[in-house]
Every structure is written in structure tokens, then in C-alpha cells.
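Residues per chain, in single letters:
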Amino acid sequence: LAREILSMNGSLSRLVQSILISSGIDVSSLAASVKSGVETAILSIASQSQGSPLPQALAAHYWPKGVPISSSTFGLLPVNGLITRGEYATSSPAHFSAAAKEISFTSLKIKVAGHCSPKDDALSLVRWSEPLNGPRKLSLRADANRAWDL
């Protein structure tokens, strides 16, 4: 089953939709991010059952025969630390700067939006980046979850 899921070439969304509908879930009420999360979880489980990271498991069905697939072919995404909207709105960057020295993340995702304008969020991210970016140079990612209308 895992091999079939990984080789569906875009039709996984139709399979997920039919599963959700047969489970009595109103698909039209689900955000696209929820559907994407379900698809990603299914793909992740399928790749794990094959013993491969997801990019290699997906590529295995379309990669030229005889050409080795390695993690360096695709690169690996870093695991992100997370700063929630509540933490972002109520804590100081200095608080997270101290905590950042204790963690091994190379990237932090900060949930933004909902508290101020996109411009104010951008200015806050600049303010946050200074104390977080000591010698380790953490990457910051902003996640507005469709809250901005740009």
C-alpha cells in the first residue's frame, strides 16, 4: 500500500477526499491547510514504512533507473523551533535569546498576525532577529496562517 500511495502522482488528494467524505466529514468545511496536513501525514507514514525520507521515497518512482538517490541529492529541511502567537505577543526577544542558546534548532518559526498589521509584524521580526542571531545565526520564518491579505 505504501508504494501505491507514494506513486499516486497527484491523485492522493482525490483519495483523501473520498476517505473524508466516506467518514462523514464535510470536505468543503476543511481549510486547504488541513487537507494538505492529512496528505502530508499519509505520505510521511508511507515513506517511513519504506525506510526512506519523504523526498527520496517520492522520487524513487520517477528517478532514472541506476542513478543513486541520496539525501544530499535533495537536501534536508531543518527542524524548526516554534514561537507561538501568544509567546510572540507577550514575551521579550531577550527571553528567547537565552532559551535559544540551550536548543539545537537552526531555524525558528514565529507565528505572526492577529495582533497587529503585517508592517508591524515585519518590524517586530527585525527586532526579534537581533537578539536571536548571536554566533549561531538562527533562521527566522514567519507564519501568518492566511491571516494577512496582501
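Residues numbered from 1 in each chain as written. Predicted model: local features only at pLDDT ≥ 70, side-chain atom pairs only at ≥ 80, totals over all residues. Heavy atoms only, no water.

1. Things to note about the nonpolar core
Right, so step 1: By size, the foremost hydrophobic cluster in this structure holds 10 residues: A2, I5, L6, L12, V16, L20, V27, L43, A46 and A57.
Right, so step 2: Secondary-structure elements contributing two or more residues to this core are α1 (2-6), α2 (12-22) and α3 (32-50).
Right, so step 3: If we skip the residues at most four places from it in the chain, A2 touches A46, S49 and Q50.
Right, so step 4: Among the nonpolar cores identified, the runner-up in size contains 9 residues, and I83, L108, I110 and A113 belong to it. (Core = buried A, V, L, I, M, F, W, Y, C linked by side-chain atoms within 4.5 Å. Buried < 20%, exposed > 50% of the residue type's maximum accessible area, 1.4 Å probe, protein only. Helix = DSSP H or I, 4+ residues; strand = E, 2+ residues; numbered from the N terminus. Contact = heavy atoms within 4.5 Å.)

2. A closer look at the pattern of salt bridges
Right, so step 1: In this structure the tally under the stated criterion is 2 salt bridges.
Right, so step 2: For K111, the salt bridge identified is with D143, shortest N-O distance 3.0 Å. Residue K111 is located in strand β2 (residues 107-111), and its partner D143 is located in strand β3 (residues 139-143); the two are separated by 32 residues in the primary sequence.
Right, so step 3: In this structure, a network of salt bridges that share partners links the residues K109, K111 and D143. (Salt bridge = Lys/Arg side-chain N within 4 Å of Asp/Glu carboxyl O.)

3. Details of the pairing of strand β1 (residues 80-83)
Right, so step 1: Going residue by residue along β1, you find G81 and I83 tucked away on one face and N80 and L82 left uncovered on the opposite face.
Right, so step 2: As judged from the 4 bridges shared by β1 and β2, these two strands associate in the parallel manner. Within the sheet, the bridge partner assigned to I83 lies in β2 and is I110. (Pairing = 2+ DSSP bridges.)

4. Considerations on the side chain of D143
Right, so step 1: For D143, a relative accessible area of 14% gives the class buried.
Right, so step 2: A distance of 3.5 Å separates polar atoms of two side chains, one belonging to D143 and the other to K109.
Right, so step 3: A distance of 3.0 Å separates a polar atom in the side chain of D143 from a polar atom in the side chain of K111. (Polar contact = N/O pair within 3.5 Å; in protein donor to acceptor, adjacent residues only side chain to side chain.)

5. Some remarks on the packing of α2 against α3
Right, so step 1: With their axes 10 Å apart at the nearest point, α2 and α3 run at an angle of 110° to one another. Accordingly, the angle class assigned to the pair α2 and α3 is roughly perpendicular. Residues L12, S13 and V16 of α2 touch α3, and the partners they reach there are V38, E39, I42 and L43.
Right, so step 2: Per-class residue counts for the contact of α2 with α3 are 5 nonpolar, 1 polar and 1 charged. (Axes fitted to C-alpha atoms, helices over the stretch in contact; angles between N-to-C directions. Parallel < 35°, antiparallel > 145°, perpendicular 65-115°, else oblique. Nonpolar A, V, L, I, M, F, W, Y, C, P; charged D, E, K, R; others polar.)

6. Quick word on α3
Owing to its 3.6 residues per turn, the α-helix aligns residues three or four sequence positions apart on the same side.
Right, so step 1: Here α3 is 19 residues long and its end C-alpha atoms lie 27 Å apart, about the 27 Å a rise of 1.5 Å per residue gives.
Right, so step 2: Here α3 has its buried residues at L43, A46 and S47. Down the axis of α3, the buried set is contained in an arc of 95°. They therefore lie on one face. Opposite the buried face of α3, at more than 90 degrees from it, the exposed residues are I45, Q48 and S49.
Right, so step 3: Where α3 terminates, the next one or two residues include G51, which has phi positive at roughly 75°. (Expected span 1.5 Å × (residues − 1). Arc of directions from axis to C-beta.)

7. Looking at the pairing of β2
Right, so step 1: Here β2 lies mainly inside the structure; 4 of its 5 residues are buried.
Right, so step 2: With 5 bridges joining them, β2 and β3 adopt parallel strand pairing. Bridge assignment links S107 to a residue of β3, and that residue is S139.

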